[in-house]
Amino acid sequence: MDKAYKNGKIWTDQPYGSIKLEPWLIFHDKATFLEVLRSYCIQEGFGLSVERADNRRYTAVCAVESCDWRIHASRLFDNVSWAIKVISGSHRTCGRLEENPVVTSEWLCKHMLGEIEANPEIPVETLRRYAQEKFQLRVKKRLLYKVRSMAKGKLHGGWAEAYELLPRYAEMIKQTNPGSHALITWGASSGDVNPKFRACFFSFAAQVRGFLRGCRPIIGIDGAHLSGFYKGILLTAVGIDGNNEIFVLAYGIVDTESCDSWTYFMRCLRQMFEQEGCNRDDWTFISDRMKGVELAVRETFPRATRRVCCQHLYMNCKNNGFSGSAFHKLFWIAANAYNEYMFGKAMEKISEYNANATAYLNSCIEQWSRHKFDSTVCCDHNTTNFVESFNACTKPFRDMPVFSLLEAIRSWCMQRVGARFDKAVDMEEGQLTAYALKELEERTAESRLCYATACGGGEFEVRDGHVNFPIRLATRSCACGKWQICGIPCKHALRVIYDQRMNPHDFISPWFKAAAYKLTYAEHIHPMADPSQWPDFGLPSIQPPTIKRPSGRPAKKRKRGANEPKKGKRNTNVKCGKCREFGHNSRTCKSGGTSATGPSTSKSGAAGASTSNGGPNTRKRSKAAA
């Protein structure tokens, strides 16, 4: 045995492309020998025909009968190590195999793991070209789909094993971030011994305290479908900070989107507020008309105000047959109206267009027009775009195992809060946020075309074009309604403020100043160790939920409605670049107007109704397509 090792050469890892085999090359075990032999065959481009293989010896020849290449290896005296005893011949009469039968999904997964880790959603065609260029292999797409799935499993762990970590994960969050709310709900079905996962809810102390101290009292809620093996729904609650950026408040996973699941989520939200000493129940919630949301909000927060997303309301109108460029324009004028006069004029024209459309909009019990919004909220959002922004950030993670998904969201929130924590430290007292400062500059430029007349007693009259707007500085109100709803003076109020030589910063809501921003990001999310360093809390090992998978490949993209534009396609509503009207383009425009003389597209119309963020985003077109 000593002589064998003395004459032999111990195998050391060699990169693919430079593997060399020779007699008396000693391997740690049989598995290592077979793995190296497989890589060598793929490197040299030939197949194998095994003549004898058992626990003691292994003999194989080239798959081409006319080739004289042969290898023989056997187990050494220690009954563990293996060595190549004979390797002879050369591949002179056989060509290179591009579709090599020794190639397996495990081998491809090992050698492509780095590429897939760098881009988990790498297209299969890219992997196919990579295999052709680096390994000179022609691999079927079906096999590469399996390879990509196996690689994700190695990178993020198994689907079922991820649920076993959740109870300890919740305890670690509470330890590293005291005051955080982490709840894992499980239960055992009839006949089952091990408990199964049902739902979870997470909110870090820095999130809930920052929201209660420095964010406006509006919460956007939404659900996103998970595309992993066990599916589920990701429920989120998102606020808005003083810089008009999203502030994640809480998130959780449930099995389905129903009244029970939303009630579970809202009860956890209420309990989280009460844990911080906040018993308020008159929050403002904005969402679409999801199943079960209305009942869950009413049960948990009886005095809450409900806003509905105008984009979803408009899609409901289209589904009911109210569509067309005229209705689209009038609907968004009504939705973005800051005063009742503009809203009433738009609704009158909608009634002339279709009386049933007016009846349908009047039947909406939720708030959807800006003139109805509570002025104390200081937020004019009438869509859930800020919640959809967070859903877009979580989309790359929604096909991962549940633990990897939750960790990815935690890491995303931790980095975002941490960066703003450092930013808030350097802000000075009384300083405006970047959003408020930008809005102030834009409205200041617009105020130069207005004229103010003092009426006495702190009241003024501002003329904007051919319309007069009464201003009261004491109550911080303007007839256009924009100042009250937004919390930032409109152009009419700014005209008065500048004429009176006052500082406009004194008339901006405290929500947009550094004091509130510092309170929002007074704390940050603390880091946490990986699962290998977690202690054993004596918690049960829960199992994944019971699912019934449909036939076919699982869908990862949302099914769009009949009236929704296809992704990547031009919107059906064509907008003219000259007169800004819908239904035609600039080439067929008959008004003869230009962008300078056409109808106003600024944030405030001639009658004072703001149209900022009005309607769905129109895709930018090139001059050739305008």
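Just so it is clear, the structure is predicted and the values come from calculations on it, not from any experiment. (Residues numbered from 1 in each chain as written. Predicted model: local features only at pLDDT ≥ 70, side-chain atom pairs only at ≥ 80, totals over all residues. Heavy atoms only, no water.)

A. Seen up close, the environment of Asp530. Inspection of the secondary structure puts Asp530 in the segment after α20 (514–520). Sequence separation of Asp530 and Met172 is 358 residues, and the distance between their C-alpha atoms is 10.0 Å. (Helix = DSSP H or I, 4+ residues; strand = E, 2+ residues; numbered from the N terminus.)

B. Spatial organisation of the packing of helix α2 (residues 30–44) against helix α3 (residues 105–118). One can describe the packing of α2 onto α3 by two numbers: an axis separation of 12 Å at closest approach and a directional angle of 80°. The orientation of α2 with respect to α3, classified from their angle, is roughly perpendicular. Along its contact with α2, which presents Glu35, Arg38, Ser39 and Ile42, the element α3 presents Trp107, Lys110 and His111. Split by residue class, the contact of α2 with α3 holds two nonpolar, two polar and three charged. (Axes fitted to C-alpha atoms, helices over the stretch in contact; angles between N-to-C directions. Parallel < 35°, antiparallel > 145°, perpendicular 65-115°, else oblique. Contact = heavy atoms within 4.5 Å. Nonpolar A, V, L, I, M, F, W, Y, C, P; charged D, E, K, R; others polar.)

C. Spatial organisation of the confidence of the model for the protein. Overall, the predicted model of the protein reaches an average pLDDT of 87, with 88% of residues at or above 70. Below pLDDT 50 for its whole length, residues 594–626 participates in 70 contacts with residues either more than four positions away or in separate chains. (pLDDT = per-residue confidence, 0-100.)

D. Quick look at the nonpolar core. Grouped together as the largest cluster of nonpolar side chains are 45 residues, with contacts concentrated most on Phe202, Ile253 and Leu406. With eight residues, the single largest contributor to this core is helix α16 (residues 402–425). If we skip the residues at most four places from it in the chain, Phe202 touches Tyr169, Ala170, Ile173, His181, Ala182, Ile184, Ala250, Tyr251 and Leu406. Residues Phe27, Phe46, Val102 and Leu127 belong to the second largest nonpolar core, which totals 41 residues. (Core = buried A, V, L, I, M, F, W, Y, C linked by side-chain atoms within 4.5 Å. Buried < 20%, exposed > 50% of the residue type's maximum accessible area, 1.4 Å probe, protein only.)

E. Structural context of the sheet that holds strand β12 (residues 284–287). The seven strands lie next to each other as β7-β8-β11-β10-β9-β12-β13, forming an open sheet whose pairing is mixed. Two strands close off the open sheet at either side, each with one partner strand: β7 (181–187) and β13 (305–308). With strand direction ignored, the average angle separating the axes of adjacent strands in the sheet is 20°. When β7 meets strand β8 (residues 196–203), the two strands line up antiparallel, connected through seven bridges. In the sheet register, Ala182 faces β8, and the bridge partner there is Phe202. Those strands touched by helix α10 (residues 293–300) are β9 (218–225), β12 and β13, and its axis lies near 160° from that of β13. Sitting on the sheet, α16 is in contact with β8, β10 (233–240) and β11 (246–254), with an inclination near 170° to β11. (Pairing = 2+ DSSP bridges.)

F. Region of the structure containing the pattern of salt bridges. Across all of its chains, the model carries 25 salt bridges by this definition. For Glu98, the salt bridge goes to Arg138, with nearest N and O atoms at 2.5 Å. Of this pair, Glu98 sits in the loop between β6 (82–88) and α3 while Arg138 sits in the loop between α4 (124–135) and α5 (141–156), and the two are 40 residues apart along the sequence. (Salt bridge = Lys/Arg side-chain N within 4 Å of Asp/Glu carboxyl O.)

G. Inspection of the sheet that holds strand β4 (residues 57–62) at higher detail. Read from one edge of the open sheet, six strands run β1-β2-β6-β5-β4-β3, paired in mixed fashion. Edge positions in the sheet fall to β1 (9–10) and β3 (48–53), since each of these pairs with one other strand and no more. When strand β2 (residues 25–27) meets β6, the two strands line up antiparallel, connected through two bridges. Opposite Phe27, over in β6, you have Trp82 as the bridge partner.

H. Layout of the UniProt feature "domain: SWIM-type" (unreviewed entry) in the protein. UniProt records the feature "domain: SWIM-type" (unreviewed entry) for residues 469–501 in the present numbering. Secondary structure over residues 469–501 splits into 42% helix and 18% strand, and the C-alpha atoms at its two ends are 20 Å apart. (UniProt positions renumbered as here; feature names shortened; annotations may be inferred.)

I. Spatial organisation of the side chain of Asn391. Tracing the backbone shows Asn391 in helix α15 (residues 385–394). Within the structure, the side chain of Asn391 is placed 2.9 Å from the side chain of Asp222, a separation counted as a polar contact. If sequence neighbours within four positions are ignored, Asn391 has contacts with Asp222, Ala224, Thr236 and Arg398. (Polar contact = N/O pair within 3.5 Å; in protein donor to acceptor, adjacent residues only side chain to side chain.)

J. Geometry of the packing of aromatic side chains. A full pass over the atoms with the stated rule returns 40 aromatic pairs. Ring centres of Trp262 and Phe265 lie 5.8 Å apart, and the angle between their planes is 90°; this geometry places the pair in the edge-to-face category. With Trp262 and Phe265 both in helix α9 (residues 259–275) and three residues apart, the pair spans about one turn of that helix. Considered together, Trp262 and Phe265 belong to a single accessibility category, that of buried residues. Taking the centre distance of 6.0 Å and the plane angle of 40° together, the rings of Tyr435 and Phe512 count as tilted. With Tyr435 in helix α17 (residues 434–447) and Phe512 in the loop between α19 (491–499) and α20, the pair connects residues that are 77 residues apart, well separated along the chain. Look at Phe512 and you get buried, because its relative accessible area is 1%. One aromatic cluster in this structure is built from Tyr314, Phe322, Phe327, Phe331, Trp332, Phe343, Tyr353, Tyr360 and Trp368. Between Arg307 and the ring centre of Phe373, over which it is positioned, the NZ or CZ distance is 3.6 Å. (Phe/Tyr/Trp six-rings, centres within 6.5 Å; stacked < 30°, edge-to-face > 60°. Lys NZ or Arg CZ within 6 Å of the ring centre and 35° of its normal.)

K. Representation of unusual backbone geometry within the structure. The phi dihedral of Asn79 is positive, around 65°, even though this residue is not glycine. Of note in the backbone geometry, Cys378 takes a positive phi value of approximately 55° without being a glycine.

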